[in-house]
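Reading the structure
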Amino acid sequence: MPKDAIVILREDHKEVRALFREFENKRTTKDRKGKIVRKAIELLTVHTYIESEVMYPEVRRLLPDLEDDVLESYEEHHVADLLVMELSTMKPNDERFEAKTTVLIENVRHHMDEEESDWFPKVRNGLSRTTLRELGGRLLEAKQRAPRSPAQPSALKKAVDAVVS
Ligand SMILES: [Fe+2]
Ligand SMILES: [Fe+2]
């Protein structure tokens, strides 16, 4: 039996949070910050993909009361996508690298906090353990095919859809 979908998403968040903390540590070198941002971009690209391709549409379908939360989440992801795309073209020595990363961290933390404290509990209440495990299996499957960089066509298409829709 695969893991519960919420457990999988929480584990992703934990990994992202650890990178953010390391980025903010005063002792972290510029070179290391560049690597941290590259890794964070990869994790966020995969995580965004599995949430927007599997988790959000399924929750929207199964729990129509959560429609507004899902729509807000798409918008928050969209803001993060734009920052991620811009950051992915920057180097740690660029003047705006540090500031843009700080804004990305603020945005993503706010979004993850909201998911963890508000949205996940609602989803857990609304869906059975079997459904959550089935969804977990689909999230793991989606991870296999997920883009790993924002420049990959499947990631780009999603960003474009968000702009034109
Ligand atoms: Fe999300
Ligand atoms: Fe998330």
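Predicted model, so just to flag it, every value in this text is computed and none were measured.

For the rest of this paragraph, the subject is the overall build of the protein chain. The helix and strand inventory of the protein chain stands at 6 helices and 0 strands. Counting from the amino terminus, helix and strand elements in the protein chain follow one another as α-α-α-α-α-α. Over its C-alpha trace the protein chain gives a radius of gyration of 16 Å, about what one expects of a compact globule, namely 15 Å for 165 residues. Considering only C-alpha atoms, the protein chain reaches an extent of 50 × 35 × 25 Å along its principal axes. Taking contacts inside the protein chain between residues at least 6 apart in sequence as the whole, the part at least 24 apart equals 78%. Of the roughly 9300 Å² that the protein chain leaves accessible, carbon and sulfur atoms contribute 52%. Treating the 29 positive side-chain charges of the protein chain as one cloud and the 32 negative ones as another, the clouds have centres 7 Å apart.

This paragraph deals with the coordination of the iron ion (ligand 2). Of the protein atoms, only His-13 (NE2), His-47 (NE2), Glu-51 (OE) and Glu-115 (OE) coordinate the iron ion (ligand 2), at distances of 2.1 to 2.2 Å. Around the iron ion (ligand 2), the 4 donor atoms sit at angles spanning 84 to 174°, and that spread fits a shape best called irregular. Here the donor residues of the iron ion (ligand 2) share one chain and are spaced in sequence as H-x33-H-x3-E-x63-E. Metal-to-metal, the separation of the iron ion (ligand 2) and the iron ion (ligand 1) is 3.3 Å; Glu-51 coordinates the two. On the criterion of helical spacing, the pair formed by His-47 and Glu-51 is a turn pair, its members being 4 residues apart in helix α2 (residues 30-62).

Let us look at the coordination of the iron ion (ligand 1). Around the iron ion (ligand 1), the protein contributes the donor atoms Glu-51 (OE), Tyr-56 (OH), His-77 (NE2), His-111 (NE2) and Glu-115 (OE), which lie 2.0 to 2.2 Å from the metal centre. The sequence pattern formed by the donor residues of the iron ion (ligand 1) is E-x4-Y-x20-H-x33-H-x3-E.

Another aspect to go through is the packing of helix α1 (residues 5-24) against α2. Here α1 crosses α2 at 160°, and the two axes come no closer than 10 Å. Judged by the inter-axis angle, α1 sits roughly antiparallel to α2. In this structure, α1 crosses over α2, and the sense of that crossing is left-handed. Note on element contacts: α2 touches α1 through Arg-32, Lys-33, Ile-36, Val-37, Lys-39, Ala-40, Leu-43, Leu-44, His-47, Ile-50, Glu-51 and Met-55, opposite Ala-5, Ile-6, Leu-9, Asp-12, His-13, Glu-15, Val-16, Leu-19, Phe-20, Glu-22 and Phe-23. Residues that form the contact of α1 with α2 fall into these classes: 14 nonpolar, 2 polar and 7 charged.

To continue, consider the confidence of the model for the protein chain. The pLDDT averaged across the protein chain works out to 94; a share of 94% of its residues lies at or above 70. By mean pLDDT, helix α6 (residues 153-164) is the weakest element of the protein chain at 63, and α1 is the strongest at 98.

Applying the stated criterion to the full structure yields 16 salt bridges. One salt bridge connects Arg-61 with Glu-58, and the closest N-O pair in it is separated by 2.7 Å. Taken together, the positions of Arg-61 and Glu-58, both in helix α2 and 3 residues apart, correspond to about one turn of that helix. With relative accessibility at 11%, the residue Glu-58 sits in the buried group. The network of salt bridges with shared partners includes Arg-17, Asp-113 and Glu-116.

For the structure shown, the criterion picks out 4 aromatic pairs. On the basis of an interplanar angle of 55° and a centroid distance of 6.3 Å, the ring pair of Phe-23 and Phe-97 is categorised as tilted. Note that Phe-23 is positioned in helix α1 and Phe-97 in helix α4 (residues 97-126), a separation of 74 residues in sequence. An aromatic cluster of at least three residues, connected via ring pairs, comprises Tyr-56, Tyr-74, Trp-119 and Phe-120. For Lys-33, the ring lying beneath its charged end belongs to Phe-23, and the centroid distance is 4.9 Å.

Rules of the game
Along each chain, the written sequence defines residue order, and numbers are assigned to residues from 1. To label them, take the chains in the order written and letter them from A, then take the ligands in the order written and number them from 1. Where local features are concerned, this predicted model is filtered to residues with pLDDT of at least 70; where side-chain atom pairs are given and counted, the filter is 80 or more; whole-chain, interface and lining totals use all residues. Here the side-chain values reflect all heavy atoms present in the structure, with hydrogen atoms and water set aside. Numbering of helices and strands runs from the N terminus; a helix is a DSSP stretch of H or I covering at least four residues, while a strand is a stretch of E covering at least two. With the radius of gyration taken over C-alpha atoms, the globule rule is written as 2.2 Å times the number of residues to the power 0.38. Contact between two residues is taken to exist if any of their heavy atoms lie within 4.5 Å; hydrogens are not considered. The Shrake-Rupley method, run with a 1.4 Å probe, gives the accessible areas here. Residue values count only the displayed protein chains as cover. We treat Lys and Arg as the positive residues and Asp and Glu as the negative residues; His and chain ends play no part in the count. One atom stands in for each charge, and that atom is NZ of Lys, CZ of Arg, CG of Asp or CD of Glu. In this analysis a donor is any N, O or S atom within 2.8 Å of a metal ion (3.2 Å for sodium, potassium and calcium), and since water is not included, sites may seem incomplete. Angular criteria define each label, namely tetrahedral for four donors with all angles between 85 and 135 degrees, square planar for four and octahedral for six donors with opposite donors over 155 degrees apart and remaining angles between 65 and 115, and irregular for whatever fails these tests. The convention used is that axes are lines fitted to C-alpha atoms, helices contributing only their stretch in contact, and that angles between N-to-C directions extend from 0 to 180 degrees. Any angle from 65 to 115 degrees is called roughly perpendicular, while one under 35 is roughly parallel, one over 145 is roughly antiparallel, and all others are oblique. By definition, turning the near helix anticlockwise from the far helix through less than a right angle yields a left-handed crossing, and turning it clockwise yields a right-handed one. Each residue gets one label: Ala, Val, Leu, Ile, Met, Phe, Trp, Tyr, Cys and Pro are nonpolar, Asp, Glu, Lys and Arg are charged, and the others, such as Gly, are polar. The pLDDT value tells you how sure the predictor is about a given residue, anywhere from 0 up to 100. Basic side-chain nitrogens of Lys or Arg form a salt bridge, by our definition, when they fall within 4 Å of a carboxyl oxygen of Asp or Glu. Only protein chains enter the calculation, and the probe is 1.4 Å; a residue is then buried if its accessible area is under 20% of its type maximum, exposed if over 50%, and partly exposed in between. By convention, a stacked pair of Phe, Tyr or Trp rings (six-membered ring in the case of Trp) has centres within 6.5 Å and planes under 30 degrees apart, an edge-to-face pair has planes over 60 apart, and any other such pair is tilted. A ring is scored as having a charge over it whenever the NZ atom of a lysine or the CZ atom of an arginine sits within 6 Å of its centre and within 35 degrees of its normal.

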